[in-house]
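Chain by chain, the residues run as shown.
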Amino acid sequence: MDKCEKQLVALVKDTYIRQGVESIQSRGNLLKALLSDRHLPLHGYEDSTIEYFMQQFSMMDSNNFLGNVGFGEREGRVFSSLVARRHYYLSHGIGRSGDIAEQQPKAAGSSVIYKLTNCLALHAMHISGFTGMEKALVVPMATGMSVTLSLLALRQGRPLAKYVLWPRIDQKSCLKAILTCGLTPVIIENVINGDEIVTNVESVQHAVKEYGADNILCILTTTSCFAPRRPDKVDAVASICKEHEIPHVINNAYGLQCPLIAKLVNRAITVGRVDYIVQSLDKNFLMPVGGAIIASPTAALIKQISKVYPGRASSTPIVDLFITLLSMGETSWRALQAERLRLLPIFIDGLNQVAMEFGERVLISPCNSISVGITLSQSLLKNNTAENSQKAAQYIGSMLFKRSVSGSRVIVPTASSKIGSHEFPGWGSNVSGYHSVYMTAACAIGLKEHEIHTFFIKLRKIFSAVRKSYVLPGDVETILVDSQHDAGEDDEKVSVISDIWVDMYNRKAKNL
Ligand SMILES: *Cc1c(COP(=O)(O)O)cnc(C)c1O
């Protein structure tokens, strides 16, 4: 339109036209700024601006050239107009056969979007406090497969090393990420410290000696996990990795939302060795499942990742992140994280209050600022047989599900599970021999305050129902009398516990 000003003025009054043309130019200026800054805009862009960008980029791809005729087998042809529109008419994907980060001759627009998105992802990580990252690559695979890709990239340099030392985390995809590569996990059992489940650093050290540094492909640690497991001591592990020249991959699935994890990871980079750090797109950025960011403090290692990827790849998760980050801007990205931290004490306090009303308590694991656990054993299931308390716990799980509370998990640490050829006693609790049956719930990014209150209402109803169904007749009265009697004291305990928690959290954050 700015090229047509003369002709436009012949049709409509020039002052009007100038204003209209300026409006188009101002969007062009935003695009120019994005191309030169390669950062999240301070404030998110409107949908219309983003759609304008998408249109410009997609017109740079050969499938949208006017009069283009394609005689290859990969010409970006799309049958359904719904599909074409869903992808903003982009259809070439990303990468070339030998490298996912390679520019595509047929798709300049898609290639630009990919480069920009990688820059935006890195900036988003820096904003969340992960300042030690030098480069990031957005890949169209979820977290587990992205961990697999990282291991395969490391394997190029250590073809004979077949062990992966893995501080236990009870999430099947983490283990499968190792097994799928044909590698052998060496499971490092965690230790229980009070309520917390903690990385056994001595065991890691011992395993390095036992298996031999040269035979170990890498140590795979995990930061974001269910309470009361705490983020792995990635700094201590990084030091071991540096000393023995063993690569270190950090599974940071939903850890971008936690400043404590950011500090831990930064410290790991400073004091030791970190090769790759993998984070989920859907868990951190409020978008559909399908992608992950693989970042590294060493730019050359990212090149390794893009080179092992066989073939081209879908650009959908990349475009989704591109749009999401432009739409969020730095301000909303920061605000979402700040809001989560504001809700955290409300969440812990409230959960503890509900727990105390039923004679239960919050598990103290202040290093985990995302997931919180509460016991389901001491009083709620009092005077019951082991079998009954297991049934009651399962009943709570099914009630949560029926009442549309998703994501909250009930853990009966006596259950055991076999995955591949590996036996996991206490499966779900990340450790063998945990002292309580408990449930977990997460205060994750994007959670709304009203949802927290609805959750508490549902939880109270469920706990009351459980008490009626599973406590032996004589006990109901005693417990009710007890809880009434303790009401005043409970209030005091509630505030004390949350104070201890917040205090511990702040102290740990400061010490890092
Ligand atoms: C979610 C999650 C995974 C698996 O992620 P996908 O995106 O489903 O592949 C692996 N590890 C941890 C710690 C997770 O939270």
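Above this text you will find the structure in question.
This is a predicted model, so every value here is computed, not measured.

**Here we look at the overall build of the chain**
Moving on, step 1. Each helix and strand in the chain was counted, giving 17 helices and 14 strands.
Moving on, step 2. For the chain, contacts bridging at least 24 residues in sequence account for 74% of all contacts bridging at least 6.
Moving on, step 3. By element, 54% of the accessible surface of the chain is carried by carbon and sulfur atoms, the whole surface being about 23,100 Å².

**Focus: helix α5 (residues 108-127)**
Moving on, step 1. The end-to-end C-alpha distance of α5, which contains 20 residues, comes to 29 Å, matching closely the 28 Å that a straight helix rising 1.5 Å per residue would cover.
Moving on, step 2. The element α5 is extensively covered by neighbouring structure, given that 15 of its 20 residues are classed as buried.
Moving on, step 3. Phi turns positive, to about 100°, at Gly-129, one or two residues after α5.

**Side note on the side chain of Ser-110**
Moving on, step 1. Take Ser-110: it is sitting in helix α5.
Moving on, step 2. For Ser-110, the residues in contact, after removing those within four places along its chain, are Asp-61, Leu-90, Gly-93 and Ile-94.

**A word on unusual backbone geometry**
Moving on, step 1. Look at the link from Ala-227 to Pro-228: it is a cis peptide, with omega at 0°.
Moving on, step 2. With phi around 55°, Arg-38 is a residue other than glycine that occupies positive phi space.
Moving on, step 3. With respect to the helices and strands, Arg-38 occurs in the loop between α2 (14-37) and α3 (47-58).
Moving on, step 4. Phi is positive for Tyr-88, close to 50°, though the residue is something other than glycine.
Moving on, step 5. The topology assignment puts Tyr-88 in the loop between α4 (81-86) and α5.

**A look at the sheet that holds strand β8 (residues 276-280)**
Moving on, step 1. Here 7 strands make up an open sheet; going across it, the order is β1-β9-β8-β7-β6-β2-β3 and the pairing mixed. Of all the strands in the sheet, the pair left with one neighbour each is β1 (135-139) and β3 (184-188). The average angle at which neighbouring strand axes cross in this sheet is 20°, direction not considered.
Moving on, step 2. Strands β6 (216-222) and β7 (248-251) of the sheet are contacted by helix α9 (residues 234-244), whose axis makes an angle of about 160° with β7.

**Thoughts on the site of the ligand**
Moving on, step 1. Lining the immediate surroundings of the ligand are Ala-142, Thr-143, Gly-144, Gln-171, Ser-173, Cys-174, Thr-222, Ser-224, Asn-251, Ala-253, Tyr-254 and Lys-283.
Moving on, step 2. Taking Thr-143, its side chain carries an N or O atom lying 2.9 Å from an oxygen atom of the ligand.
Moving on, step 3. At 2.7 Å, a side-chain N or O of Lys-283 approaches an oxygen atom of the ligand.
Moving on, step 4. When isolated, the ligand has an accessible area of 380 Å², and the protein chains bury 84% of it.
Moving on, step 5. Residue assignment for the shell around the ligand shows that the elements contributing at least two residues are α6 (143-157) and α7 (172-179).
Moving on, step 6. The residue inventory of the shell around the ligand, partitioned by class, reads 4 nonpolar, 7 polar and 1 charged.

**Here we look at α3**
Moving on, step 1. End to end, α3 covers 16 Å across 12 residues, agreeing with the expected 16 Å (1.5 Å per residue, within 8%).
Moving on, step 2. Where α3 is buried, its residues contact α2, α5 and α13 (316-357).

**Some points on the packing of aromatic side chains**
To describe a pair of aromatic rings, you give the distance between the ring centres and the angle between the ring planes.
Moving on, step 1. In the structure shown here, the tally under the stated rule is 12 aromatic pairs.
Moving on, step 2. When the centroid spacing of 6.2 Å and the interplanar angle of 90° are considered together, the rings of Trp-166 and Phe-424 count as edge-to-face. Taken together, the residues span a long stretch of sequence, with Trp-166 in strand β2 (residues 163-167) and Phe-424 in strand β13 (residues 422-425) at a distance of 258 residues.
Moving on, step 3. Here Trp-166 falls in the buried class, since its relative accessible area comes to 0%.
Moving on, step 4. Geometrically, the ring pair formed by Phe-285 and Trp-333 is stacked, given 4.6 Å between the ring centres and 25° between the ring planes. With Phe-285 in helix α11 (residues 281-285) and Trp-333 in helix α13, this pair connects stretches of sequence that are 48 residues apart.

**Digging into the pattern of salt bridges**
Moving on, step 1. Across all of its chains, the model carries 15 salt bridges by this definition.
Moving on, step 2. Among the salt bridges present, the one from Glu-73 reaches Arg-74, with a minimum N-O distance of 3.8 Å.
Moving on, step 3. For Glu-73, a relative accessible area of 71% translates into the label exposed.
Moving on, step 4. Classification of Arg-74 by relative accessible area gives partly exposed; the value is 37%.
Moving on, step 5. Between Arg-342 and Glu-339 there is a salt bridge, with its nearest N and O atoms 2.9 Å apart. Here Arg-342 pairs with Glu-339, and both are found in helix α13, just 3 residues apart, close to one helical turn.
Moving on, step 6. By relative accessible area, which is 41% here, Arg-342 ends up partly exposed.
Moving on, step 7. Judged by relative accessible area, Glu-339 falls into the partly exposed class, the value being 30%.
Moving on, step 8. Within this structure, Arg-168, Asp-170 and Glu-189 form a network of salt bridges that share partners.

**Details of the environment of Cys-218**
Moving on, step 1. Structurally, Cys-218 is set in strand β6.
Moving on, step 2. Exposure remark for Cys-218: the relative accessible area of 0% places this residue in the buried category.
Moving on, step 3. Spatially, the C-alpha atom of Cys-218 lies 6.9 Å from that of Val-249, the residues being 31 residues apart in sequence.
Moving on, step 4. Other than its neighbours up to four places away in sequence, Cys-218 contacts Leu-151, Leu-154, Tyr-163, Val-164, Leu-165, Ile-246, Pro-247, His-248 and Val-249.

What counts and what doesn't
- By convention here, each chain's residues receive numbers from 1 onward along its written sequence.
- Note on the predicted model: pLDDT of at least 70 is required for a residue's local features to be given, and 80 or more for side-chain atom pairs to be given and counted; whole-chain, interface and lining totals, by contrast, use all residues.
- Excluding hydrogens and water, the side-chain values take into account all heavy atoms of the structure.
- Runs of E in the DSSP output that reach at least two residues are strands. Runs of H or I that reach at least four are helices, and both are numbered from the N terminus.
- Residues count as neighbours in contact if any of their non-hydrogen atoms are within 4.5 Å of one another.
- Residue exposure ignores everything except the shown protein chains as possible cover, and the areas themselves are Shrake-Rupley values with a 1.4 Å probe.
- Helix span is expected to be 1.5 Å times the residue number reduced by one.
- When accessible area is computed with a 1.4 Å probe and restricted to protein chains, residues below 20% of their type maximum are described as buried, those above 50% as exposed, and intermediate ones as partly exposed.
- When DSSP finds two or more bridges between a pair of strands, those strands are recorded as paired.
- In this analysis an axis means a line fitted to C-alpha atoms, helices contributing only their contacting stretch, and an angle means the value between N-to-C directions, from 0 to 180 degrees.
- In these notes, residues near a molecule or strand are those with any non-hydrogen atom within 4 Å of it.
- Identification of polar contacts relies on pairs of N or O atoms within 3.5 Å, with a donor-acceptor requirement for protein atoms, meaning one able to donate a hydrogen and the other able to accept it, and with residues adjacent in sequence counted only if both atoms are side-chain atoms.
- Lys, Arg, Asp and Glu make up the charged group, whereas Ala, Val, Leu, Ile, Met, Phe, Trp, Tyr, Cys and Pro make up the nonpolar group; the residues left over, Gly among them, are polar.
- Each aromatic pair joins two rings of Phe, Tyr and Trp (for Trp, the six-membered one) with centres within 6.5 Å, and gets the label stacked for planes under 30 degrees apart, edge-to-face for over 60, and tilted for any other angle.
- By salt bridge we mean one thing: a side-chain nitrogen of Lys or Arg within 4 Å of a carboxyl oxygen of Asp or Glu.

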